[in-house]
Amino acid sequence: MGKLTNHFLLLSIFVLMVLAGGLTAWSFNREAIQGPPALVLISAYDSVPADIYFSRALSVGDCAAVFPLARYLPKSDSRPRVALEYLIQNKLTAAERAAGYQSNFPDGTRLNSFDIKDSVASVSLSGDFSGLSSCRLSALRSQIESTLLQFPKITNVLISYK
């Protein structure tokens, strides 16, 4: 196929997915191939909704109160890990921040390891947790547990901070 035909085919697929309501996001991915940039489509057919739990500034008095925000995650066995990474990276939109949603993870928090064994998710985090109040640590734990316990294969969560 010629270059023009490839572009037309890609554009046709894009338009059909938009019209079908299956397109949730799109971006240019220059690393995907060598050569010209490729349009990468993330469709609702390749992803499933999951809740990522955040605190909300308006919920005064209950440190562990968290609220779900829907995100689309890839259909794979790694969805719990991806959900946890979204949470740690504090992926909130400007509108969500304006509505008072917030993360309790200190800047620079990293996921050292994540494993699920016998329905127990083990989470190891590194970061500067020493200055966090007991209320903020409670909120952080609640964010992690609520995000992970929505997945049927997880019934308990163990968290370690380094």
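See the structure printed just above.
Residues numbered from 1 in each chain as written. Predicted model: local features only at pLDDT ≥ 70, side-chain atom pairs only at ≥ 80, totals over all residues. Heavy atoms only, no water.

Peer 1: Can you walk me through the packing of aromatic side chains in this structure?
Peer 2: In this description, a pair of aromatic rings is defined by centroid distance and the angle of the planes. Under the counting rule described, the total for this entry stands at one aromatic pair. Ring centres 4.8 Å apart and planes at 55° place the aromatic pair Phe129 and Tyr161 in the tilted group. Taken together, the positions of Phe129 in the loop between strand 7 (120-126) and helix 4 (134-149) and Tyr161 in strand 8 (residues 156-161) put the pair 32 residues apart, joining distant regions of the chain. Positioned over the ring face of Tyr86 is Lys91, at 4.8 Å from the centre of the ring. (Phe/Tyr/Trp six-rings, centres within 6.5 Å; stacked < 30°, edge-to-face > 60°. Helix = DSSP H or I, 4+ residues; strand = E, 2+ residues; numbered from the N terminus. Lys NZ or Arg CZ within 6 Å of the ring centre and 35° of its normal.)

Peer 1: For this particular structure, what's the right way to read the nonpolar core?
Peer 2: What tends to happen in soluble globular proteins is that the nonpolar side chains get buried as a cluster. The biggest cluster of nonpolar side chains holds 27 residues, and the ones touching the most others in it are Leu84, Val123, Leu125, Ile144, Leu148 and Val157. Contributions of two or more residues to this core are made by strand 3 (47-56), strand 4 (67-74), helix 2 (79-88), strand 6 (110-117), strand 7, helix 4 and strand 8. In terms of residues, this core owes the most to one element, helix 2, which gives five residues. Residues contacting Leu148, with those up to four places away along its chain left out, are Pro80, Leu84, Phe114, Ala121, Val123, Ile154 and Val157. (Core = buried A, V, L, I, M, F, W, Y, C linked by side-chain atoms within 4.5 Å. Buried < 20%, exposed > 50% of the residue type's maximum accessible area, 1.4 Å probe, protein only. Contact = heavy atoms within 4.5 Å.)

Peer 1: What exactly am I supposed to notice about the state of the cysteines here?
Peer 2: By definition, a disulfide is the covalent link that joins the sulfur atoms of two cysteine residues. If you walk through the whole model with that rule in mind, you get one disulfide. There is a disulfide in this structure between Cys63 and Cys135, and the S-S distance comes to 1.8 Å. One quick way to see it: the torsion about the S-S bond of Cys63 and Cys135 is about -110°, and its sign makes the bridge left-handed. Here Cys63 is found in the loop between strand 3 and strand 4, whereas its partner Cys135 is found in helix 4, with 72 residues between them in sequence. The exposure class of Cys63 is partly exposed, given its relative accessible area of 28%. (Disulfide = S-S within 2.5 Å.)

Geometric descriptors of this kind do not, in isolation, establish any biological role.
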